[in-house]
Amino acid sequence: MATRSIRIVMDGVTGRLGQNQHLARSVMSIARDGGLPLANGDRLVPEPILLGRNPDKLAALALAHGGLEWTTDAARVLADPSVAIYFDVAATAGRVERARRAIAAGKHIYLEKPIAGDLASAVGLASAASKVGVKNGVVQDKLFLPGLAKLALLRDAGFFGKILSARLDFGWWVFDGTLRPAQRASWNYRKAAGGGLVLDMFPHWRYIIDHLVGPIRAVSCRCATRVPRRIDENGQSYEVDVEDEAAATFELEGGVLVQVGSSWATRVKRDDLFQLQIDGTGGSAVAGLHDCRIQPAAATPKALWDVDVPPRTDFDAEWLDVPDVGPHVNSYRRGWELFLRHVMEGTPFPSPLIEGAKGVQLAEGCYRSDAERRWIELPPLDTEDVTSFSRLVQA
């Protein structure tokens, strides 16, 4: 057994998501465990190189992780032939240009979502990676969460029978910076920086629904800005020019409808910040990020409704917990493990860049639906020949 290393440029990891999930709990976690076991018995140890614009933040983060290499010179580090992978978790604005620069340098690329701000750019990015022949992927971390993994097991076991409908509820109160500091960066509320709830969250909803319920074929959506002014990190008031709430209906292949409510201006009165309920002839399931509960058809009680008598039924108690199956691996780390094996061994990777383009397609469809107040069809993006996707962009 040999130990091998792989050098990874990690762009934008001084932010919260990059620091906590991708660097500390994924790449460095793999390294601390002695590397990723490969099929031939070798262990692959990732060596991150931190890339960004702020040298003080980069130096502090590098020191906190034992003295990692860091730089603000993207051109220099991408020209280094020892670097194999470019990863981007910086602000959405500029991601396409940064990724194209890495592709031109011959680096395999792994990107946070959304991979672009519009479908034409997303498709062009997937096409560029395909033409050069570099391995490529987009982060789809939510599929590896325990709650959604349990939903996948139920679906694969045929628990639902014929799926009838689904409902996705997501959101929490994001402070506007007056009473308490905002817990989301201000760029999330600025269009020029790639902000907006739909562009940020609906790419997640795309791959979750596509994989767990069925392919999305059309969308109807309404967007709103509920908190029009917020306070940024420097204590300055600014105008919000993107949506912080959206209500949508997805129509799936076969006609199944999915109701979707998403908001950064709501208070939590549910079991989790995110919940997905799937109803079928064989039973129903409700999953959060970690837990999943079911009600099989044979154990479904008869609900009673009386306008004159307050309800006495504890409806929650009538559902059964789905047990954990094996130890949980951090969902971001799981994605990194799959991508590293894809790069080193050529094993299949479930979310190449064209999957990221599907998320952008849904977000763009939502914005069009809101502006035109109508249903928007979403043509399939399933062909392997990504160079032919340009004709679909205008559809």
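As shown above, the structure is provided for reference.
An account of the accompanying structure is given in this report. On a predicted model such as this, the values are computed, not experimentally measured, just so you know.

**Section: the overall build of the protein**
Turning to step 1, where the next piece is worked out: Within the protein one finds ten helices and 18 strands.
Turning to step 2, where the next piece is worked out: At 22 Å, the protein has a C-alpha radius of gyration in line with the 21 Å of a compact globule built from 395 residues.
Turning to step 3, where the next piece is worked out: When its C-alpha atoms are laid out on the principal axes, the protein stretches across 75 × 55 × 45 Å.
Turning to step 4, where the next piece is worked out: By the burial criterion, 52% of the 395 residues in the protein qualify as buried.
Turning to step 5, where the next piece is worked out: Intrachain contacts of the protein at a sequence separation of at least 6 include 70% that bridge at least 24 residues.
Turning to step 6, where the next piece is worked out: Both charge centroids of the protein, one from 46 positive and one from 48 negative side chains, sit 2 Å from each other.

**Points about the packing of helix H6 (residues 146-156) against helix H7 (residues 197-212)**
Turning to step 1, where the next piece is worked out: One way to put it is that H6 packs onto H7 with a least axis distance of 10 Å and a crossing angle of 25°. Taken as axis vectors, H6 and H7 run roughly parallel relative to one another. Listed contacts from H7 to Leu-148, Leu-151, Ala-152 and Arg-155 of H6 are Ile-208, His-211 and Leu-212.
Turning to step 2, where the next piece is worked out: Here the residues of the contact of H6 with H7 sort into five nonpolar, one polar and one charged.

**Overview of the nonpolar core**
Generally speaking, nonpolar side chains in soluble globular proteins are found buried as a group.
Turning to step 1, where the next piece is worked out: Judged by nonpolar contacts, the single largest core of 53 residues is most densely connected at Leu-151, Phe-202, Trp-205, Ile-209, Phe-250 and Leu-276.
Turning to step 2, where the next piece is worked out: When residues of this core are assigned to their parent elements, the largest contribution, ten residues, is made by H7.
Turning to step 3, where the next piece is worked out: Contact partners of Leu-151, with chain neighbours within four places excluded, come to Phe-160, Leu-212, Leu-276, Ile-278, Ala-285, Ala-287 and Cys-292.
Turning to step 4, where the next piece is worked out: Formed by 30 residues, the second largest nonpolar core is a distinct cluster that contains Tyr-86, Ala-116, Val-123 and Leu-353.

**Considering the pairing of strand S15 (residues 283-287)**
Turning to step 1, where the next piece is worked out: Of all the five residues making up S15, five are buried; the element is thus mostly covered by neighbouring parts of the structure.
Turning to step 2, where the next piece is worked out: The two faces of S15 match: Gly-283, Ala-285 and Ala-287 on one face and Ser-284 and Val-286 on the other face are all buried.
Turning to step 3, where the next piece is worked out: Pairing of strand S14 (residues 274-280) with S15 involves four bridges; the strand directions are antiparallel. Looking at S15, one finds that Gln-277 is bridged to Val-286.
Turning to step 4, where the next piece is worked out: A loop of two residues connects S14 with S15, the two strands running antiparallel in sequence.
Turning to step 5, where the next piece is worked out: Here S15 folds back onto strand S16 (residues 292-296) in antiparallel fashion, the turn holding four residues.

**Observations regarding unusual backbone geometry**
Turning to step 1, where the next piece is worked out: The linkage connecting Lys-113 with the following residue, Pro-114, adopts the cis geometry, with an omega of -10°.
Turning to step 2, where the next piece is worked out: Here Pro-114 shows up in the loop between strand S6 (108-111) and helix H5 (119-132).
Turning to step 3, where the next piece is worked out: The backbone of Arg-373 shows a phi angle near 55°, a positive value even though the residue is not glycine.
Turning to step 4, where the next piece is worked out: Among the structural elements, Arg-373 can be located in the loop between helix H9 (353-372) and strand S18 (376-377).

**Observations regarding the sheet that holds strand S8 (residues 163-171)**
In any sheet, the strands associate via hydrogen bonds between backbone groups, in a parallel or an antiparallel arrangement.
Turning to step 1, where the next piece is worked out: Strand order in the open sheet formed by nine strands is S17-S16-S15-S14-S8-S13-S12-S9-S18, with mixed pairing between adjacent strands. Edge strands, defined here as strands with exactly one partner in the open sheet, are strand S17 (320-321) and S18.
Turning to step 2, where the next piece is worked out: Summarising the sheet, S8 and strand S13 (residues 257-263) pair through seven bridges and their orientation is parallel. In the strand pairing of S13, Gly-171 is matched with Ser-263.
Turning to step 3, where the next piece is worked out: The sheet strands contacting H9 are strand S9 (216-224), strand S12 (245-252) and S18, and the helix crosses S9 at an angle near 55°.

**Some thoughts on the packing of aromatic side chains**
Turning to step 1, where the next piece is worked out: For the structure on display, the rule yields twelve aromatic pairs.
Turning to step 2, where the next piece is worked out: On the numbers, 5.2 Å between centres and 75° between planes, the contact of Phe-170 with Trp-172 is edge-to-face. Assigned by exposure class, Phe-170 and Trp-172 land together as buried.
Turning to step 3, where the next piece is worked out: Measuring from ring centre to ring centre gives 5.3 Å for Phe-339 and Phe-349, while their planes differ by 75°; the resulting arrangement is edge-to-face. On the criterion of sequence distance, the pair formed by Phe-339 in helix H8 (residues 331-345) and Phe-349 in the loop between H8 and H9 is long-range, its members being ten residues apart. Residues Phe-339 and Phe-349 agree in their burial class; the two are buried.
Turning to step 4, where the next piece is worked out: In textbook terms, an aromatic cluster arises when at least three aromatic residues are bridged by ring pairs, as seen for Phe-87, Tyr-110, Trp-336, Phe-339 and Phe-349.
Turning to step 5, where the next piece is worked out: The residue whose ring lies beneath Arg-190 is Tyr-238, and the NZ or CZ to ring-centre distance is 4.1 Å.
Turning to step 6, where the next piece is worked out: Between Arg-267 and the ring centre of Trp-173, over which it is positioned, the NZ or CZ distance is 4.1 Å.

**Some points on helix H1 (residues 16-32)**
Turning to step 1, where the next piece is worked out: The end-to-end C-alpha distance of H1 is 21 Å, clearly below the 24 Å that 17 residues give at a rise of 1.5 Å each.
Turning to step 2, where the next piece is worked out: Along H1, the sharpest kink reaches roughly 40°, centred on Leu-23.
Turning to step 3, where the next piece is worked out: The complete set of buried residues in H1 reads Gly-18, Gln-21, His-22, Leu-23, Ala-24, Ser-26, Val-27, Met-28, Ser-29 and Ile-30.
Turning to step 4, where the next piece is worked out: Check the buried side of H1 and you find it contacts strand S1 (3-11), strand S2 (36-37), strand S3 (43-51), helix H2 (55-64), strand S5 (83-88) and H8.
Turning to step 5, where the next piece is worked out: Directly beyond the C-terminal end of H1, a positive phi value near 90° is found at Gly-34.

So, how was this worked out
- Residues numbered from 1 in each chain as written.
- Predicted model: local features only at pLDDT ≥ 70, side-chain atom pairs only at ≥ 80, totals over all residues.
- Heavy atoms only, no water.
- Helix = DSSP H or I, 4+ residues; strand = E, 2+ residues; numbered from the N terminus.
- Rg over C-alpha atoms; globule rule 2.2 N^0.38 Å.
- Buried < 20%, exposed > 50% of the residue type's maximum accessible area, 1.4 Å probe, protein only.
- Contact = heavy atoms within 4.5 Å.
- Lys, Arg positive; Asp, Glu negative; His and termini not counted.
- Charge placed at Lys NZ, Arg CZ, Asp CG, Glu CD.
- Axes fitted to C-alpha atoms, helices over the stretch in contact; angles between N-to-C directions.
- Parallel < 35°, antiparallel > 145°, perpendicular 65-115°, else oblique.
- Nonpolar A, V, L, I, M, F, W, Y, C, P; charged D, E, K, R; others polar.
- Core = buried A, V, L, I, M, F, W, Y, C linked by side-chain atoms within 4.5 Å.
- Pairing = 2+ DSSP bridges.
- Phe/Tyr/Trp six-rings, centres within 6.5 Å; stacked < 30°, edge-to-face > 60°.
- Lys NZ or Arg CZ within 6 Å of the ring centre and 35° of its normal.
- Expected span 1.5 Å × (residues − 1).
- Bend = angle between axes of the 7 residues up to and from the residue.

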